[in-house]
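A structural walkthrough
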Amino acid sequence: MRSDNSKIKEIFKDLTFSEEQIKVIESVFYKVNYKKGDVILKANDNVDFQYYILNGCLRSYHVDDHGKEHTIQFGVKDWWISDYTAFFSSTKAIMTIEVIQDATLYRISKEDKEILYSKVPIIETFFRKKLERAFAAFQKRILANLSQTATERYLDFINTYPNIEKSIKNYHIASYLGITTESLSRIRKDLAQS
């Protein structure tokens, strides 16, 4: 991240650091730029990094045994993305992460996160709180997939991701919702008429 205090402040909102802590943070975050269509992680890869999204949009998805894609998450500005199952368990990736809008990311390795936790303890609390919120959001999404109609899931999607619907492909949205693109078109048509 090298000498970019404004980015530290953007990533770690509401936290204050000493100059020494800023140097530690700068030493472990690396800025990377990707173009639309780039794949930053493929299933069966080693998962070495977690990414903070400064701008752009990414999608994490799993391909089942029948070749069908299941979108798990869209990552947008100020979100974090990785294959967390593999990242935390040091196993091979089960997800693919692709860039669906040009993106600027800051990456950090698992080892560097551990260094950060020991040298800047407030960051461990920051990440714990992020993980707690993410876990709660994933539980809500699982419950929604089990109990909501496709229309209700679509309305939740546009509430969760208000600024990306027009700039991503319909089949990505349908994959996230667990429906066909035809069903997505029908839902949109019904909502427009009501």
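Structure first, text after, so check above.
Right, let's walk through the structure included here.

Remarks on the nonpolar core
Counting residues in each nonpolar core, the largest one holds 21 residues, and the members touching the most others are Phe12, Phe17, Ile25, Phe29, Trp80, Leu116 and Ile123. Listed by contribution, the elements that provide at least two residues to this core are α1 (5-11), α2 (19-28), β3 (49-63), β6 (96-109), α4 (110-119) and α5 (121-147).

Structural notes on the side chain of Asp83
One can find Asp83 in the loop between β5 (80-81) and α3 (84-89). Polar contacts involving the side chain of Asp83 include one to the main-chain amide nitrogen of Met95, which spans 2.8 Å. Excluding residues within four positions of it along the chain, Asp83 makes contact with Leu41, Val47, Ala93, Ile94, Met95 and Ile97.

What to know about the packing of aromatic side chains
Per the counting criterion, the structure on display carries 19 aromatic pairs. Taking the centre distance of 5.3 Å and the plane angle of 40° together, the rings of Phe157 and Tyr161 count as tilted. Judged on exposure class, the residue Phe157 and its partner Tyr161 are both buried. Relative to Tyr176, the ring of Tyr161 has its centre 5.7 Å away and its plane inclined at 85°; by these criteria the two rings are edge-to-face. Taken as a pair, Tyr161 in the loop between α6 (150-160) and α7 (170-177) and Tyr176 in helix α7 lie far apart in primary sequence, 15 residues in all. With respect to burial, Tyr161 and Tyr176 carry one shared label: buried.

Structural notes on a negative patch on the surface
Negative charge collects at one region of the surface, where Asp48, Glu111, Glu114 and Glu124 lie side by side. Taking the relative accessible area as the measure of exposure, Asp48 reaches 45% and is therefore partly exposed.

Describing the environment of Ser183
Along the chain, the position of Ser183 falls in helix α8 (residues 181-193). We classify Ser183 as buried; its relative accessible area is 18%.

Considering the packing of α2 against α4
Relative to each other, α2 and α4 sit at 175°, their axes nearing to 10 Å. Regarding the angle of α2 to α4, the classification is roughly antiparallel. Contact residues: α2 offers Gln21, Val24, Ile25 and Val28, while α4 offers Asp112, Leu116 and Lys119. When its residues are assigned to classes, the contact of α2 with α4 shows four nonpolar, one polar and two charged.

Conventions we followed
- Residues numbered from 1 in each chain as written.
- Predicted model: local features only at pLDDT ≥ 70, side-chain atom pairs only at ≥ 80, totals over all residues.
- Heavy atoms only, no water.
- Core = buried A, V, L, I, M, F, W, Y, C linked by side-chain atoms within 4.5 Å.
- Buried < 20%, exposed > 50% of the residue type's maximum accessible area, 1.4 Å probe, protein only.
- Helix = DSSP H or I, 4+ residues; strand = E, 2+ residues; numbered from the N terminus.
- Polar contact = N/O pair within 3.5 Å; in protein donor to acceptor, adjacent residues only side chain to side chain.
- Contact = heavy atoms within 4.5 Å.
- Phe/Tyr/Trp six-rings, centres within 6.5 Å; stacked < 30°, edge-to-face > 60°.
- Patch = residues over 30% accessible without salt bridge, like charges linked within 9 Å, V, L, I, M, F, W, Y side chains within 5 Å.
- Areas by Shrake-Rupley, 256 points an atom, 1.4 Å probe, with all protein chains shown as cover.
- Salt bridge = Lys/Arg side-chain N within 4 Å of Asp/Glu carboxyl O.
- Lys, Arg positive; Asp, Glu negative; His and termini not counted.
- Charge placed at Lys NZ, Arg CZ, Asp CG, Glu CD.
- Axes fitted to C-alpha atoms, helices over the stretch in contact; angles between N-to-C directions.
- Parallel < 35°, antiparallel > 145°, perpendicular 65-115°, else oblique.
- Nonpolar A, V, L, I, M, F, W, Y, C, P; charged D, E, K, R; others polar.

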